[in-house]
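# Reading the structure
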Amino acid sequence: MLEERLRRTIQEIEDSCKKAGRKREEVTLIAVSKTWPAETLREAYDLGCREFGENKVQELVQKYDSLPKDIRWHMIGHLQRNKVKDVIDKVDLIHSVDSIRLARTIEQEAAKKDRIIDILVEVNVAQEESKFGISPREALKFVEEIAAFPHIRVRGLMTIAPFVENSEENRQVFADLRKLSVDIAEKSIDNVSMDVLSMGMTNDYPVAVEEGATLVRVGTGIFGGRDYAKNRMTEK
Ligand SMILES: *Cc1c(COP(=O)(O)O)cnc(C)c1O
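Residues numbered from 1 in each chain as written. Predicted model: local features only at pLDDT ≥ 70, side-chain atom pairs only at ≥ 80, totals over all residues. Heavy atoms only, no water.

## A look at the UniProt feature "modified residue: N6-(pyridoxal phosphate)lysine" (unreviewed entry) in the protein chain
According to UniProt, the feature "modified residue: N6-(pyridoxal phosphate)lysine" (unreviewed entry) maps to Lys34 in the numbering used here. With a relative accessible area of 15%, Lys34 lands in the buried category. In this view, Lys34 contacts Gly53, Glu54, Asn55, Glu59, Lys63, Arg226 and Tyr228; residues no more than four positions away in its chain are not counted. (UniProt positions renumbered as here; feature names shortened; annotations may be inferred. Buried < 20%, exposed > 50% of the residue type's maximum accessible area, 1.4 Å probe, protein only. Contact = heavy atoms within 4.5 Å.)

Next comes the structure, spelled out in structure tokens:
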């Protein structure tokens, strides 16, 4: 049941914070609602969720239109440049910026709307070939380049850790992302804050919290297993 799963997830975050000597307020839970219909999000909303994560532009836009306006929307999936204009005035944070070309498009669309967009740089810490994200070696240079765009504010880093049986196997991945963010923060680049670390999903978020995550992205742990086949009609 949604209520019970949500309660357990929040408890788990609290326990991990305690274990790591962190304050509970340092960690924000994002309910990853991809593939779930708006009614399910509404249920989570009524239970107190205000942060939702989606990985497809069309889905985010549909749900945005049918749900309360005090929700904060997170674009966590790979973003195509031609879709940026559709979400630019709806998202609160784009987690998945991994190319200068994409950043330039975000800059242009944000300028048109006279907005400043918060973004995270997606880093492929584990260097998996199947994953999007820039390599850790290139991260500093990449952040410096994006920092020059006046309508983009770099808030931090995001990673998608490998799928592993034992979440302990990802501890180093999370520690590495944290270290990278500290290293970049030390450069005190204008327009760059590095106070957000988006890492940890259903299988490994407690470890991510212990290693410094400020945003955890939990889907299955809150909503249960996703049925992609049933939701094919909403995909594009
Ligand atoms: C789907 C997704 C999640 C959530 O995955 P779960 O394993 O269901 O918690 C988190 N981050 C990204 C980028 C995703 O695409």
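## Details of the pattern of salt bridges
The tally for this structure, following the rule as stated, stands at 22 salt bridges. Ionic pairing is found between Arg8 and Glu4, a salt bridge with its closest N-O pair at 3.4 Å. Pair noted here: Arg8 and Glu4 are both in helix α1 (residues 2-20), with a separation of four residues, about one helical turn. Taking the relative accessible area as the measure of exposure, Glu4 reaches 30% and is therefore partly exposed. For Lys112, the salt bridge is made with Glu109, and the minimal N-O distance between the two is 3.2 Å. Of this pair, Lys112 and Glu109 both sit in helix α5 (residues 100-112), three residues apart, which is roughly one turn of that helix. Three or more residues joined by partner-sharing salt bridges are found here, namely Lys19, Glu168, Arg171, Glu210 and Glu211. (Salt bridge = Lys/Arg side-chain N within 4 Å of Asp/Glu carboxyl O. Helix = DSSP H or I, 4+ residues; strand = E, 2+ residues; numbered from the N terminus.)

## Side note on the environment of Trp36
The topology assignment puts Trp36 in the loop between β1 (28-32) and α2 (38-46). As for Trp36 and Lys63, which are separated by 27 residues in sequence, their C-alpha atoms are 9.7 Å apart. When neighbours within four sequence positions are excluded, Trp36 is seen to be in contact with Leu41, Glu59, Lys63, Phe223, Gly224, Gly225 and Arg226.

## A few points about the side chain of Glu210
With respect to the element layout, Glu210 can be found in helix α8 (residues 205-210). There is a polar contact of 3.3 Å between the side chain of Glu210 and the side chain of Lys19. Setting aside chain neighbours within four positions, we find Glu210 in contact with Ser16, Lys19, Ala20 and Arg171. (Polar contact = N/O pair within 3.5 Å; in protein donor to acceptor, adjacent residues only side chain to side chain.)

## Description of the pairing of strand β8 (residues 215-218)
In β8, alternate side chains face the same way, and those of Leu215 and Arg217 on one face and Val216 and Val218 on the other are all buried. Note: β1 against β8, four bridges, orientation parallel. Counted as the bridge partner of Leu29 is Val216 from β8. (Pairing = 2+ DSSP bridges.)

## Structural notes on the site of the ligand
Contacts to the ligand come from Val32, Lys34, Ile76, Ile160, Met201, Thr202, Arg217, Val218, Gly219, Thr220 and Arg226. Within the side chain of Thr202, one N or O atom sits 2.4 Å away from an oxygen atom of the ligand. Taking Thr220, its side chain carries an N or O atom lying 2.5 Å from an oxygen atom of the ligand. With the chains in place, 90% of the 390 Å² that the ligand exposes on its own is no longer accessible. Each residue belonging to the shell around the ligand can be placed in one class, and the counts come to five nonpolar, three polar and three charged. (Near = heavy atom within 4 Å. Areas by Shrake-Rupley, 256 points an atom, 1.4 Å probe, with all protein chains shown as cover. Nonpolar A, V, L, I, M, F, W, Y, C, P; charged D, E, K, R; others polar.)

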